[in-house]
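# Structural features, examined
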Amino acid sequence: MDLSTTLPILLGLAWLLPLASFALVVLFGPWMGRRGVGAGYLATGAIAAAFVLSFVALLGWLGQHGLASGEHGAHADPIPPVAGEWYALGTFGALTITIGYYIDSLTLVMFMMVTLVATCIHVYSFGYMHEELGVVTDPLVTRANGRPLKRRGRFHRFYQYFSLFCFSMLGLVLAGNVAMVFVFWELVGICSYLLIGFYIERQSASNAANKAFIVNRVGDFGMLIGMMVLWSTLGTFSFSGIFEQVRPAASGHALVVPDGMVRAAAADEVERIVLANPNPAIAERNIAAQVPAWREAGHGRWLLIVAGLGIFCGCVGKSAQFPLHVWLPDAMEGPTPVSALIHAATMVAAGVYLVGRFYPVFTPEVLLVIACVGAITLFMAATIAITATDIKRVLAYSTVSQLGYMMLGLGVGGWVAGLFHLITHAFFKSLLFLGSGSVIHACGTNEMPRMGGLRRKMPWTAGTMLVGALAISGAGIPLLIGLSGYHSKDAILAQVFAFRKDNPGQGDLLFWIAAMGAAITAFYMFRLWYMTFAGEPRDAHAAAHAHESPRSMVAPLVVLAALAVVGGWNVPWTGLGVRPLVDQARPLGTEVGMTAPAAAIPAESASHEPAIHRIVSWIAFFAALGGFLVATGFYGLRQLDPEKVRRVLAPVHWFLKNKWFFDELYRWVFVRPTLAAARVVAALDRIVLDGLAHGAAGLVRLVSRLDDLIDRLIVDRLVNAVGEWTYATGLRLRAVQSGNLRQYVMWIAVGTVGLFVLVSLFWNYAAAGN
Amino acid sequence: MPDLNSPIVFLSLIVFLPAAAALALGFVPGGWGDRIKGFAFATTVAVFLLTVWLALPGGGADSMRFALGDGQMQKTVSVDWIPSFNVYYFLGIDGISLPLVVLTSFLSMLAMAASFTIQRHVKAYCILFLLLETGMLGVFMALDFFLFYVLWEVMLLPMYFLIGVWGGPRREYAAIKFFLFTLAGSVLMLIAILMLYFASDVRKLPQARWDACHLSSDVTARARIDATGEPVHTFNLLALAEMGRLENSPFDKELLWGKSIQWWAFLLLLVGFLVKVPAVPIHTWLPDAHVEAPTPISMILAGVLLKMGGYGIIRICYPICPDAAYELAWLVCGIGAVSMVYGALAAMAQKDFKRLVAYSSVSHMGYVVLGLGVWSITPGNLLATDYWKLGMNGAMFQMIAHGISSAGMFFLVGVIYDRVHHRDLDRFGGLFAKMPVYSGISMVIFFAALGLPGLCGFIGEVFVVLSVWKYSTALAVVAASVVILTAGYILWTIQRVYLGPEYKGPHGEAITRMTRREIAIAAPLVALAIVLGVYPRALLDYTKPSVAQTVDNLAGWMERVKLPELRDRAAMEERARP
Amino acid sequence: MSLFTQPIGLTHYLVVGAILFAAGVVCMVTKRNAIGVLMGIELVLNGANLNFVAFANPALRADPGRAVAWMDGHMIALFVIVLAAAEAAVALAIVLSFYHNHASVDVDEADELKG
């Protein structure tokens, strides 16, 4: 099997199937089956088929490459990605923007993860969105007449958006260049917008949708700048093209500032040389000769940093990292399957994926920024999750926090660790979300204080969610085996620990934040579980109403729970697993560390030293255990009273409850000033610019009135005077006009004679010329 | 039977068919309301089909189909008009004008279809509308500067009446404002035209280029005979462009305050065209004109008339006055960037739906101006032309995309206005439930305006933005930041109009689903928005060769004329330095 | 030298023409009858005609050689005759209509043109 032809076909098909489903549902959705239920089958079928295709592709890949390289070892023979182009959006000389693909094992793993999770969630949604098949009464929306809103169900539309999302997400993963990433980046963004705002009647939902999209656009703004830098200095968007220039084989795949950037940064020098040498060839030779010196002098390094930071900026928006994390918690306004698919497993992980994909371009400075952002995010989000009472918001902040882990891991050099956590997180977080959806479906509320004691009514949900909670806490037997989260989180922590060795100051801070985050994670997850499932029901009405969800919802929970357990394991004896598979895709040159004045990024292999591994495993274990025990103390055994703590730490609680005041801060720093600026501009338009136009018009009218005055007072009077004088003369002369014909003839005759007399008297022959 | 395969018949037919139909309508009793509309609509359809035939690829020299991949002027027509003043009836098309011609005929057709709701003075309306179409088509095809100017003015008057008679409550104000702004612009243009005309001299052109400019044999004969005598002036745009690129261009003479003729001409022309674009700060006629104009006229105004400004810049300003353009590129780009931000911010503050769309036009046309202006062929960039080609193609694409999306938006505003008779953004809401198809279509069109990938707005915006960095970092950052503002005002609009539990304004009972006629008008726009978004080459294949030629010509000028000049200056500075 | 002793020459014609002209003018001035005025006009015209014809006659000219082709005088005389006929027709029509209105052909009553 020739992978370079089959893989694009298989994955391309897997990518386009949801698009076909989307198109069909758009056109025929309402008429598919009873009230559009067929749309669900179609979409689910499409994504399931995509899963099968990805699986076939993965098998093909494994058949070809096996696990050619040992984990974290230097690549014996690096596996080249399958990259190519389908078609060009536009070509301008040497520049071309294309729709293409870049397939390596990371792509395949992502495809597997996305299609698998998406299939589970599609199936789950049959149960969850069941109401949408009939007439829906939305209790959260009251009409002007005070009654709750009744509307037609939108089952098919839900699946329509889902299909579009799957298409966009797979396109994003498959993308062969940054421009295409950006295209699908925006498309997943719009799907997210549509699905967050799925309950279009709710003001809060549409607000959240707008917020999500606009905050993402802020990130995209940075991403665009990064893209502009790459585009105008390297002249290409394709991953292969960029990597070749940034990490040329000639330098052993070490990061160098590419020629294009050096030249762009040294444009003044280039200009001088061009102007000094009329012959372009000589000028070019001189420039080429100067480039190494310029590079030595640091020209262009800032461009590389800006490019990296710009791309990362997009990732910050999409992956809800500090300071653009504010949209994700609000995004929970969407239906829960949406939160599970888009805002937990796939789309928000796209930022992490892109950081991983773009890894070769990041300089140590950028990586340090990534690590710091990740650390801040993971800590901040975890603290907010402690005080949240909305079950989905707890999970949302947990997602933000876990994404922070991934960023941190990537930032400190743990390429595999970060991406590995991405995959495992997708399993357990979608599991947790689906579990929470099951709970919400059962008791009709999001508020945990109104839940409690549900484990007896919903054993499957409670059990699977416990698995999820354990997985996210990183439960396991240190140094031996654990749930998926144990493996991936330990890998990240170990890498941070390795980083700490090289960068004592920053490293310590990062490591202890990460370790503390692990403890808090365990705490809030078990707080959630205990408050929901343990103890006695707090709200009798909600509890009485509760019931286990239908099979279509439970089955995906079980599948995902199984994955949450085994996701981090390797298949016995083959060494096959997510982690080694991801490692196959490690970009060339990133297996060794990097050093810069700002930070030294250790190689990932450094974290596998037994010394580090052992210490970190135990620290993580005890951190999680600590969190778990505190949560048990407060909420499980109810030996400690959270109220008391809240009173003691009132300011802290107030601070956390208000989510660190980010929303308020942004409202006052960005939103209001922007709106004010908008009003100022509008007023400027109306008052100043229109005023100028009106003023000019008024001036002209004034001048014209003046002109009119001059006309009437001077010119007209003069003309009239002439007219009157002529008239008077005429009056005097009228006497001659007697009207008597004979008199006229008389005048003529006498006049003629008179003339002759005059002429004959005065005629001068000499003067006449004769 | 005249030969349809000769350009003079074919192009003249396209340009003057609407005028002829208008003339014929003059003899029809005014009471035939619907039949008159039907006839006018049939005319616009016929013109559209003719332009589509023109745009079909694969034509050769003897066919009226477009020769794809050829950047030169095609299907040229040159006939004496006022030979004593060297004025010729000179038409032609290339990859820059053809898309705009097709856009014009396409939008005219849709706008005429949207005009079926007009009830007052139907006959006069149709006549003026058809005259307007003739003017618009003519402007895009004219290659004689005088003819261009005449047609430019021909378009002005019908527009004035169409706004002033069939408009909203403040129509007189809006119409006179539109008229005065545009007239001021065209007067400046006229001054520049005359300046260039009297400075031009065909004899300075190498004879080898005469044919390429399609100069009339009459003119060339005089130029040959009068090699020493009086200069032979010309209005021929191609010849003027060639002259502008000469080493000792006749336009280089100093005119005023140390600036050359071409510097002043460029400035005057630029202002004239920017009024039409419209760019900040000479855009204030646009919101008023749009708010007051009837829906179909808004569609034409936004969809076609604004494009004339961009077209003028790319066809006339840059090619004829390269030296001035090189010096003033910062001004063009700056105005473009300012318009983008300014329009977006102003749109955000609007309460009137139509005003909002109008300001979004200002913002979107800012991309066009910016993309046209990014002079990336500087010595520091080693005269890299590709980025400017990208920007200019992006600008062309943006013009077409904006033609589709803004015409669509105005139409959609009109659809709801016809039902509820108000445009107050705060008194809509909940339309999604009442008008699902309408809301779905609106979403697509608005998302196209937002620059969502897969829809037409994205390509133009991204191409333009990507090209800017090479010219100026600061402008690039400003341009990129507009994506946030755009998302802000468009999503906010969608939220206020389409989402929410129920409709909040008056006449709620009048909200009915879109009629079949309305869907038929909106559907082609939606389809085009998607097709161009997914397969931009459908348009780029047309524009690319001609844009490339424009840029290459300028790059050639840069290398041949400007670079030695810069070299001398650099050498002088070098020497002045101790 | 008296006219009567001379052979008939140009002068004689001119004298007759002048007499005719003077008679016409006197007739126009003195007659109150419109028809009489018209007759006076005819006399004036014919007096002028006589002059034209006389001037045009080569036999009567001082430079007969050059006059062969000069038919201008005859031409004009013919024109005048035609003109006189036309004038008479129009004038008679006016007189007729004047008569209808005033039941008289007395030109002194026709003073509507008085200023």
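Just above, that's the structure.
Cut-offs applied
Residues numbered from 1 in each chain as written. Chains lettered and ligands numbered in written order. Predicted model: local features only at pLDDT ≥ 70, side-chain atom pairs only at ≥ 80, totals over all residues. Heavy atoms only, no water. Helix = DSSP H or I, 4+ residues; strand = E, 2+ residues; numbered from the N terminus. Buried < 20%, exposed > 50% of the residue type's maximum accessible area, 1.4 Å probe, protein only. Polar contact = N/O pair within 3.5 Å; in protein donor to acceptor, adjacent residues only side chain to side chain. Expected span 1.5 Å × (residues − 1). Bend = angle between axes of the 7 residues up to and from the residue. Contact = heavy atoms within 4.5 Å. Buried area = accessible area lost by both parts, 1.4 Å probe. Salt bridge = Lys/Arg side-chain N within 4 Å of Asp/Glu carboxyl O. Core = buried A, V, L, I, M, F, W, Y, C linked by side-chain atoms within 4.5 Å.

What follows is about the side chain of Arg586(A). All names here are of chain A. Turning to its location among the elements, Arg586 is positioned in the loop between α23 (578-584) and β9 (594-595). Judged by its relative accessible area of 5%, Arg586 falls in the buried class. Engagement of the side chain of Arg586 in a polar contact is seen with the side chain of Glu604, the distance being 2.4 Å.

Its 40 residues give helix α20 (residues 537-576) of chain B an end-to-end C-alpha distance of only 51 Å, which falls more than 12% under 58 Å, the value for a rise of 1.5 Å per residue. Lys562(B) marks the point of greatest bend in α20(B), at about 45°, and the proline Pro564(B) comes within the next four residues.

At the interface, 63 residues of chain B touch 68 residues of chain A. Summing the contributions of chain B and of chain A, the shared interface buries around 5700 Å²; its carbon and sulfur component is 71%. By the criterion of area lost to chain A, the three top residues of chain B are Leu466(B), Trp469(B) and Arg567(B), representing 12% of everything that side buries. The interface formed by chain B and chain A holds 2 salt bridges in total. Taking the shortest distance from any N to any O, the salt bridge between Asp690(A) and Lys177(B) comes out at 2.7 Å. Taken together, chain B and chain A are joined by 22 residue pairs in polar contact (both at pLDDT 80 or more). Looking at the side of chain B that touches chain A, the elements with two or more residues in it are α6 (171-199), α12 (322-348), α14 (386-420), α16 (436-450), α17 (456-468), α18 (473-497) and α20 of chain B. With 13 residues, α18(B) is the largest single contributor of residues to the side of chain B that touches chain A.

The next point concerns the nonpolar core. With 496 residues, the main nonpolar core has Phe145(B), Tyr318(B) and Phe447(B) as its most contacted residues. Tallying contributions element by element places α14(B) first for this core, with 20 residues. Once you skip the residues sitting within four places of it in the chain, Phe447(B) turns out to touch Ile190(A), Tyr193(A), Leu194(A), Leu452(B), Leu455(B), Leu491(B) and Ile494(B). Within the second largest apolar cluster, 12 residues are counted, among which are Val29(C), Ala34(C), Leu38(C) and Ala91(C).

Side chains bearing opposite charge may pair, as long as their charged atoms lie close to each other. The final tally for this structure, using the stated rule, is 40 salt bridges over all chains. As a salt-bridge pair, Arg712(A) and Asp708(A) come within 3.0 Å of each other at their nearest N and O atoms. With Arg712(A) and Asp708(A) both in helix α27 (residues 662-733) and 4 residues apart, this pair spans about one turn of that helix. Of the charged contacts in the structure, one is a salt bridge between Arg427(B) and Asp424(B), with a shortest N-O distance of 3.4 Å. Asp424(B) sits in the partly exposed class, given a relative accessible area of 25%. Sharing partners across several salt bridges, the network here consists of Lys211(A), Asp330(A), Arg393(A), Lys659(A) and Asp663(A).

Bringing unusual backbone geometry into the picture now. Note that the residue after Phe322(A), namely Pro323(A), is joined by a cis bond; omega there is 5°. Relative to the helices and strands, Pro323(A) resides in the loop between α11 (301-318) and α12 (327-330). For His421(B), which is not a glycine, the phi torsion comes out positive at approximately 60°. If you trace the backbone, His421(B) turns up in the loop between α14 and α15 (431-434).

Here we take up α14(B). Residues and elements named next belong to chain B. Between its terminal C-alpha atoms α14 stretches 50 Å, which fits the 51 Å expected from 35 residues at 1.5 Å a residue. Counting buried residues along α14, 33 of its 35 residues qualify, which places the element largely inside the surrounding structure. Positive backbone phi, at 60°, marks His421, one or two positions downstream of α14.

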